[in-house]
Amino acid sequence: MSSSSDANHSDGAADPPPGDGAPDAERPGYGRSPREDEVSLLDILLVLARHKTLILRTVLVFTLLGATYALLAPEEFISEARVVREAQTEGGGLPGGISGGLAGGLSGLGISLGGAASGLTPAAFPDVLQSREVRLAVVRDTFRFSDAKRPMTYVEYVNRPPGALSQILDYTLLLPWTLKSELGRVISGSPAPAGTTKTGDPVIPSEEEDEALKAISDKISASVDEETGLMTISTTAATPQLAASFSETFLDHFTTRVREIRTQKVRERLQFVEDRFREAEHELERAEDELAQFLERNQNPTTATLQFRRDRLQRQVSFKEQLYSNLQSQLTQTRLDLQRRQPVTTVVERPVPPIEPSAPNRTLIVLLSLIVSSLIGIGAAFVKSSVERTRDDSEGGEKIAEIRDQLLPTSLQEKTKTG
């Protein structure tokens, strides 16, 4: 009896496995081995082996494109020049306990409060170099370009009529950029003032000069060593000689501009003293002429009125002579002060034509093309394999068919179905 009961008990319904009590078929993963849910290295190698043709074609196409670009890309040369600011001692510094820390901290912002070195600091040099005044002076200079028959200004070179091939590219492959440039030109309107003339009137560049200013901005860069105050000027051009010429021109106009900024107050004071000196000279001559005419008419004045008038004219001459002498001393001192402030920059290294081009790095371009194309080919292989597996599944096939019907036109739908 016990054996039969035991048999009956064993033949009955088995205890449900631990879990939520759901049927076996409804529980995810039940009855499948863990290996079916994992992607093994063999599966990856199998996908790569099945789609090796796709991967090789992708690598070949992108590598050829990269190699073609590397061969056809224009060469660029960089010429460098180095300048350093001269240390000049001037009075008017801060009290001893403050000047060291505060002036040292502000010097990093291009501001100086006096003391050992006042005016422009090396931190402000890059901004001066790339200012509109310096760039405008450079684009108005004349250069010799390799693809031009005669020397011309940079404004003329940038705005020269484009060739037939360039026009075709501008309105085909480069059409988005052409439209963007024309739209930006319409929106921007007239360019901003670029400085002032000798008479103080604002200098507004023309549209051609404004285009040249934008183009030259991409060819100049500067960096400053905070410890030494040495600034490196780098210019980029299509030929070594043109790169060196750009650097030399930027260096000259930069030095001139810094000198103008540095001596602006002294020059204004010099102009004021010169004007007052000329006025004092004319007033002294006028007073001397009046005294001489009076003495000629009255060689021996006897009346009190004549004597008083003579003394008054003599006092005027004495006053004008003293004023003239003082202004002459101030004029000489101001000229010496102006001369002492020049120059404020020293050229440490003049620009020379570079020997080797700086760009393009053809080897790096080809290697990057090879790496990127390999990643794209492998990614395309896995995508294609996933689509194929989904297509074999009935539900996935229906989803693919619906996506195809929604995105592709009718003619292409028939071709993809037959394919």
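Keep in mind that this is a model prediction, so the values were computed, not measured.

With that settled, consider the overall build of the protein chain. Looking only at helices and strands, one finds 16 helices and 6 strands in the protein chain. Sequence-distant contacts, at least 24 apart, represent 71% of the contacts inside the protein chain between residues at least 6 apart. Counting every atom, the protein chain has about 28,300 Å² of accessible surface; 56% of that belongs to carbon and sulfur.

Here we take up the packing of aromatic side chains. Under the criterion given, the structure shown has 8 aromatic pairs. Both rings, one in Phe145 and one in Tyr157, keep their centres 3.8 Å apart while their planes meet at 5°; by these two values the pair is stacked. Residue Phe145 is found in the loop between β2 (142–143) and β3 (152–153), and its partner Tyr157 is found in helix α7 (residues 154–158); the two are separated by 12 residues along the sequence. Classification of Tyr157 as buried rests on a relative accessible area of 17%. Judged by centre distance (4.8 Å) and plane angle (25°), the rings of Phe277 and Tyr324 are stacked. Residue Phe277 is located in helix α12 (residues 264–297), and its partner Tyr324 is located in helix α13 (residues 304–340); the two are separated by 47 residues in the primary sequence. Members of the aromatic cluster, connected to one another through ring pairs, are Phe143, Phe145, Tyr154, Tyr157 and Phe246. Its guanidinium or amino end placed over the ring of Tyr157, Arg160 lies 4.0 Å from that ring's centre, counting from NZ or CZ.

Moving on: α13. Taking 1.5 Å as the rise per residue, α13 with 37 residues should run 54 Å; its terminal C-alpha atoms sit 54 Å apart, in good agreement. For α13, the set of buried residues is Leu313, Val317, Lys320, Leu327, Leu331, Thr334, Asp337 and Leu338. Its buried side turned inward, α13 meets α12.

Attention now goes to the packing of helix α6 (residues 132–139) against helix α10 (residues 207–217). Interhelical geometry of α6 versus α10 gives an angle of 105° and a closest axis separation of 9 Å. The angle between α6 and α10 falls in the class roughly perpendicular. Contacts between α6 and α10 involve Arg132, Arg135, Leu136 and Val139 on the former and, on the latter, Glu209, Asp210, Ala212, Leu213, Ile216 and Ser217. Within the contact of α6 with α10, the residues separate by chemical class into 5 nonpolar, 1 polar and 4 charged.

In space, the 4 strands of this open sheet follow the order β4-β5-β1-β6, with antiparallel pairing throughout. Sheet topology places β4 (220–224) and β6 (345–349) at the edges, where each strand pairs with a single neighbour. When strand polarity is set aside, the average angle formed by the axes of neighbouring strands in this sheet is 30°. In the sheet, strand β1 (residues 77–85) pairs with strand β5 (residues 230–237) via 8 bridges, with the strands oriented antiparallel. From the neighbouring strand, Phe77 faces β5, where its bridge partner is Ala237.

Attention now moves to the pattern of salt bridges. Tallied over the full model, the rule gives 17 salt bridges. Here Asp210 ties to Arg132 by a salt bridge, and the two come within 3.9 Å at their closest N and O atoms. Here Asp210, found in helix α10, pairs with Arg132, found in helix α6; they are 78 residues apart in sequence, far enough to count as distant. What makes Arg132 partly exposed here is its relative accessible area of 24%.

Within the secondary structure layout, Leu242 lies in helix α11 (residues 240–262). Look at Leu242 and you get buried, because its relative accessible area is 9%. Along the chain, Leu242 and Phe145 lie 97 residues apart, while their C-alpha atoms are 6.9 Å from each other. If sequence neighbours within four positions are ignored, Leu242 has contacts with Phe143, Arg144, Phe145 and Ala237.

Turning our attention to a positive patch on the surface. Taken together, Arg297, Arg309, Arg312 and Arg315 make up a surface patch of like positive charges. Residue contributions to the positive patch peak at 3 residues, all from α13.

As a further point, take the environment of Pro126. Here Pro126 is to be found in helix α5 (residues 125–129). Taking the C-alpha atoms as reference points, Pro126 and Met231, 105 residues apart in sequence, are found 7.9 Å from one another. Residue contacts for Pro126: discarding those within four places in its chain leaves Ala222, Val224 and Met231.

Counting 31 residues, the largest nonpolar core has Val139, Phe143, Phe145, Tyr154, Phe246, Phe250 and Phe254 as the members making the most contacts within it. Mapped onto this core, the elements with two or more residues apiece are β1, α5, α6, α7, α10, β5 and α11. Ranked by the residues each element gives to this core, the list is headed by α11, at 7 residues. Once residues within four sequence positions are removed from consideration, Phe145 is found in contact with Met152, Thr153, Tyr154, Tyr157, Leu242 and Phe246.

This next bit is on the environment of Gln333. Position of Gln333 among the secondary structure elements: in helix α13. For Gln333, a relative accessible area of 51% corresponds to the exposed category. For the pair formed by Gln333 and Leu270, sequence separation is 63 residues and the distance between their alpha carbons is 9.3 Å.

Before going further, it helps to spend a moment on a nonpolar patch on the surface. Taken together, the side chains of Val61, Phe62, Leu65, Val372 and Ile376 present a nonpolar region at the surface, about 420 Å² in accessible area. At the level of elements, α3 (52–72) and α14 (362–392) are the ones that each hand at least two residues to the nonpolar patch. In terms of residue count, α3 provides more of the nonpolar patch than any other element does, 3 residues in total. Mapped onto the elements of the fold, Phe62 is located in helix α3.

What counts, and where the lines are drawn
Residues numbered from 1 in each chain as written. Predicted model: local features only at pLDDT ≥ 70, side-chain atom pairs only at ≥ 80, totals over all residues. Heavy atoms only, no water. Helix = DSSP H or I, 4+ residues; strand = E, 2+ residues; numbered from the N terminus. Contact = heavy atoms within 4.5 Å. Areas by Shrake-Rupley, 256 points an atom, 1.4 Å probe, with all protein chains shown as cover. Phe/Tyr/Trp six-rings, centres within 6.5 Å; stacked < 30°, edge-to-face > 60°. Buried < 20%, exposed > 50% of the residue type's maximum accessible area, 1.4 Å probe, protein only. Lys NZ or Arg CZ within 6 Å of the ring centre and 35° of its normal. Expected span 1.5 Å × (residues − 1). Axes fitted to C-alpha atoms, helices over the stretch in contact; angles between N-to-C directions. Parallel < 35°, antiparallel > 145°, perpendicular 65-115°, else oblique. Nonpolar A, V, L, I, M, F, W, Y, C, P; charged D, E, K, R; others polar. Pairing = 2+ DSSP bridges. Salt bridge = Lys/Arg side-chain N within 4 Å of Asp/Glu carboxyl O. Patch = residues over 30% accessible without salt bridge, like charges linked within 9 Å, V, L, I, M, F, W, Y side chains within 5 Å. Lys, Arg positive; Asp, Glu negative; His and termini not counted. Charge placed at Lys NZ, Arg CZ, Asp CG, Glu CD. Core = buried A, V, L, I, M, F, W, Y, C linked by side-chain atoms within 4.5 Å.

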